[in-house]
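Results of the structural survey
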Amino acid sequence: MSFPTAWNSEFVEEQYRLWKADPSKIPQDWQFFFQGFELGQLREPVVGEAYDEEQLAAQFRVDALVYRYRDLGHLLACLDPLSACPTDHPYLNMATFGLTDEDLDREFYCDIFTGSSRARLRRIVEVLRETYCRSVGVEYMHLQDPEERRWLQQRMETSRNRPSMKPQEKLRILHRLYQATLFEQFLHRRYPGQTRFSLEGAESIIPMLADLVRHVAEQGCQEIILGMAHRGRLNVQTNILGKSFRDIFCEFESSYDPDSIVGSGDVKYHNGYLGDLRLDGNRKVRILLVNNPSHLESVNPVVEGFARARKEILQAADRAAVLPLLIHGDASFAGQGIVAETLNMSQLPGYTTGGTIHIIINNQIGYTTLPEDARSTRYSTDIAKMLMVPVFHVHGESPEQVLHVTRLAADYRQEFGKDVVIDVVCYRRYGHNEGDEPYFTQPLMYERIKQRPSLAAIYSEQLRRDKIIDEQEVNRLKQEINSSLEAAYQARECVFPSVKFYENWDNIQADYSHQPVDTTVSEARLLELARKLNTVPRGFNLHPKLSELLKRRLKAVEAGDSIDWANAESLAFASLLMEQIPVRLSGQDCRRGTFSQRHSVLVDMKTGERYIPLNSLSSEQASFSVYDSSLSEAAILGFEYGYSLAQPHGLTAWEAQFGDFVNNAQAIIDLYIASGEAKWQRLSGLIMLLPHGLDGLGPEHSSARLERFLQLCAADNLQVCNLTTPAQYFHMLRRQVKAPYRKPLVIMAPKSLLRHPRAVSPRSELSGGTFHKVLDDTVTASRVKRVLFCSGKIYYELLARREEQKRTDLTFVRVEQLYPFPEEELAAVVRRYRKAVEWLWVQEEPENMGAWTFVRPRLARLAGRHIGYIGRAAAASPAPGFHTVYKSEQEAVLAEAVGAPVSAAGKHKSKE
């Protein structure tokens, strides 16, 4: 804030008059000045009264000093257990504001006191330092909402950011600290050198979390969805979530019976846990620790999506009911882009969860990398300031202050429904893991750490000085905890524990079944839905082109023919909604659809009002939720995956703007979607709609990388489909929630087929059909000499060329579901065409991409013969960037498969 160098009463009075009349008439700095310091409340000026310019100038200097302490007092805060506390900073020096020692005993107006508006400057500075420059540093003056700043100021400055705790509360803290410390020490003795990512150096996290659970339970919290990285994860599981010591010990010994284990499992510090806690006052809180791989922050959007789904399942309007809680490392919070993507979702309508509490376990190091090499900002938390939310920095060895800011953060989140960040500045006693040698790279830091006693010892000594506990009681507490650990260790019997999870999954199967699923919808219901979907309210000013589109869609259903892709999709969604199955669809621009095909949200041309036909079917229908997402793939897909983990009884779909863009979410696919069931026994019914197909649009708008998904397929973990008809899409969508099992579904969604005149289906195929994993041809089998297997849009080009050639000696077999591989259906095809001479796979993707390398050995085994390949040569890029090259290559594929155009000459031979 800039102040005039020449203070005069007329200028200040004029600014004040303007502010009272209309705040927008003065600069923003002056608006903040009058709001933040509330000069009007402290002393209402009398118009025409003479001002003492020197007194007014001094008052403004003091006001500026107060503002600066609120804004930058954290620069003087004592936060680091390994470093001496700062004593001065030029930004906070009185001389910087033109104030001297002589001013210390002068009285000034100040709003930091209750009951009095005046105090000596000495006292004002003392209170400011107590509040902002001791064990708590706060960044909050960047908040643009004055009400939020005032709320925080009132809470912090009245308490001086020092909690008033009863002896019993302090004893609870000590108990928790010893639980955390002795648990780690026991593991260190019993399992020396084994990786556990010890919490030692950050033990205050345990009393912090225990107090947070109690505090939010009093506010009405029913569930906490917790995501955290490795450090302290085992400690949190046993000392917060109630996981037994026995199960922890057995995980160290890897002594479970391999025959009783489902899937491949995961290492102990990746696994999640569901705990049901009973608290004082008969309160219950359920806490889910979400499974997390080593890509530390990737769990952030998964937690948010899970929390969003749980709020909707509980129908919880109050944000207190479900709390997302994320525990981060300092290096990963600053370094991983998915953090920013997730933070950006926090206030978006389709993704908000009522605010998340973020806790940073700030070890001041990442693996072996120091902060100056890991980030370009002062604090690891600086990325969070983009949200206009407060950031609390707290000394990790001041457990009472840690609890104070935790309660304050929870109250802020409850009051304003926004995220809040707590940066617990601490250290790690060992290296990155227990087998690491930190002295190689940080010898000075670890020499200081070596000399430090445990926080439990430090705090117990403090309580002994305060005569709250004596040494005998401390020893008794330690003995009690150690005895419990030893008893559990001696009595351990390692059997594979059942994986407890939410009850709404109880009747969902894990095993995929090839049995057909009844996905039919009566013709009467389809007609009823079509009329509702393609009608807008009276007086709604629809775009003329959309009006015609709706008419054509309705006509197609009523005529019983030519139902296109988007029409079939809306009918599938509507039929599910009427069966009380909610539908959630999100992605970039998915309301309209990238290719202007969906139009699930209609907009009044004159008023801008939105109308969603899928939410206007019936008063008793389930909800349809469709959201245009932020320009993110990784975080949004992670969110939808998390949502699907919590909601097995709804259809959850994410649509990529182009299939190629899913590349940016590859980590979510690899770490969660493809392997989550094998590692953690977690099922998901998430659908990924990935527009795919070569249309001459270049490398980044052609391929959804079908080959990558197929490479990830094993043990029936995924469903991968490349469909050719709207009816197939209709039944596939319905099968996804009507089937007794849940598996992620990857659909190579069409682009040009959305409007292809032949890619349409009759109403009878929707009402009386089912999903077919393989679509056979209608030719006479005895005439067939060449069998061409294919998948996706290339079929229609092959079909057109065959009709042009008038050939009856070749047939097309469409593999609609590539995985789980439809062996039985394809075996029937092989038997039908057993007299054929040539058996070939045709694709438009390059030879090293698409489905070829996946289907080749499987088809060869089924057919009992060599399978040839027709398609583009292997390439480094998914598609050519030059349209003429694309057309030439595409023609070569068609010519080799079926024959050259009638007007063209030349022959093409199959590649062997």
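Just so we're clear, the structure is a prediction, and the values are computed from it rather than from any experiment.

Let's talk about helix H8 (residues 205–218)
Given 3.6 residues to a turn, an α-helix orients residues that are three or four positions apart in the same direction. With 14 residues, H8 extends 20 Å between its outermost C-alpha atoms, agreeing within 8% with the 20 Å of an ideal straight helix rising 1.5 Å per residue. Of the positions making up H8, those classed as buried are Ile205, Ile206, Pro207, Met208, Leu209, Ala210, Asp211, Leu212, Val213, His215, Val216 and Ala217. Backbone geometry just downstream of H8 places Gly220 in the positive-phi region, at approximately 105 degrees.

Looking at the environment of Thr406
As for its position among the elements, Thr406 is in helix H15 (residues 399–416). The class for Thr406 is buried, based on a relative accessible area of 1%. Residues Thr406 and Leu56 lie 350 residues apart in sequence; the distance between their C-alpha atoms is 39 Å. Beyond its immediate sequence surroundings of up to four residues, Thr406 is in contact with Met208, Leu212 and Ile422. At 2.6 Å, the side chain of Thr406 forms a polar contact with the backbone oxygen of Val402.

Some remarks on the sheet that holds strand S22 (residues 817–819)
An order of S14-S11-S15-S16-S18-S17-S22 is seen for the 7 strands of this open sheet, with the pairing classed as mixed. Two strands bound the open sheet, and with one partner strand each, they are strand S14 (624–628) and S22. The mean inter-strand angle of the sheet, taken between neighbouring strand axes irrespective of direction, is 20 degrees. Relative to strand S16 (residues 687–691), strand S15 (residues 651–655) is paired through 3 bridges, and the arrangement is parallel. What sits directly across from Ala653, in S16, is Ile687. In this fold helix H21 (residues 565–578) packs onto strand S11 (583–587), S14, S15 and S16, with an angle of close to 140 degrees to the strand it touches most, S11.

A short note on the state of the cysteines
Scanning the model with the defined rule gives 2 disulfides in all. Between the sulfur atoms of Cys78 and its disulfide partner Cys85 the distance amounts to 1.7 Å. Note on cysteine connectivity: Cys250 is disulfide-linked to Cys494, with sulfurs 1.8 Å apart. Note on the Cys250 and Cys494 pair: the S-S dihedral is about -85 degrees, so by sign convention the disulfide is left-handed. Of the two residues, Cys250 is situated in helix H10 (residues 245–253) and Cys494 in the loop between helix H18 (471–490) and helix H19 (523–533); the sequence distance between them amounts to 244 residues. A relative accessible area of 1% means that Cys250 is categorised as buried. By sequence-ordered numbering of the bonded cysteines, the protein chain has its disulfides arranged as 1-2, 3-4. Here Cys110 stays unpaired: no disulfide links it, and the sulfur of Cys133, its closest cysteine neighbor, is 14 Å away. Summary of cysteine pairing: Cys713 is not part of a disulfide, and the nearest cysteine sulfur, belonging to Cys721, is at 10 Å.

Considering the pairing of strand S3 (residues 136–139)
Burial along S3 is two-sided: Val136 and Val138 and Gly137 and Glu139, pointing in opposite directions, are all buried. Examined bridge by bridge, S3 and strand S9 (residues 391–395) share 4 bridges and lie antiparallel to one another. From the neighbouring strand, Glu139 faces S9, where its bridge partner is Val391.

Here's the deal with the side chain of Gln657
With respect to the helices and strands, the residue Gln657 is situated in the loop between S15 and helix H23 (666–673). One polar contact links Gln657 to Asp589, side chain to side chain, over a distance of 2.5 Å. When neighbours within four sequence positions are excluded, Gln657 is seen to be in contact with Gln588, Asp589, Thr594, Phe595 and Pro691.

Focus: the packing of helix H13 (residues 337–345) against helix H22 (residues 634–646)
Between H13 and H22, the least distance of the axes is 8 Å, while the angle of their chain directions is 65 degrees. At the point where H13 passes H22, the crossing takes the right-handed sense. Side by side, H13 and H22 meet where Ile338, Glu341, Thr342 and Met345 of the first sit next to Ala634, Ala635, Ile636 and Phe639 of the second. Among the residues forming the contact of H13 with H22, the class breakdown is 6 nonpolar, 1 polar and 1 charged.

Side note on the confidence of the model for the protein chain
The share of residues in the protein chain with pLDDT of 70 or more is 94%, and the mean pLDDT across the chain is 92. Segment residues 36–50 is flagged for pLDDT under 50; beyond a separation of four residues in sequence, or across chains, it makes 32 contacts in the model. Taken together, the stretch residues 905–912 has pLDDT below 50 and engages in 17 contacts with residues farther than four places along the chain or on a different chain.

Basis of the calculations
Residues numbered from 1 in each chain as written. Predicted model: local features only at pLDDT ≥ 70, side-chain atom pairs only at ≥ 80, totals over all residues. Heavy atoms only, no water. Helix = DSSP H or I, 4+ residues; strand = E, 2+ residues; numbered from the N terminus. Expected span 1.5 Å × (residues − 1). Buried < 20%, exposed > 50% of the residue type's maximum accessible area, 1.4 Å probe, protein only. Contact = heavy atoms within 4.5 Å. Polar contact = N/O pair within 3.5 Å; in protein donor to acceptor, adjacent residues only side chain to side chain. Pairing = 2+ DSSP bridges. Axes fitted to C-alpha atoms, helices over the stretch in contact; angles between N-to-C directions. Disulfide = S-S within 2.5 Å. Left-handed = near helix turned anticlockwise from the far one by under 90°. Nonpolar A, V, L, I, M, F, W, Y, C, P; charged D, E, K, R; others polar. pLDDT = per-residue confidence, 0-100.

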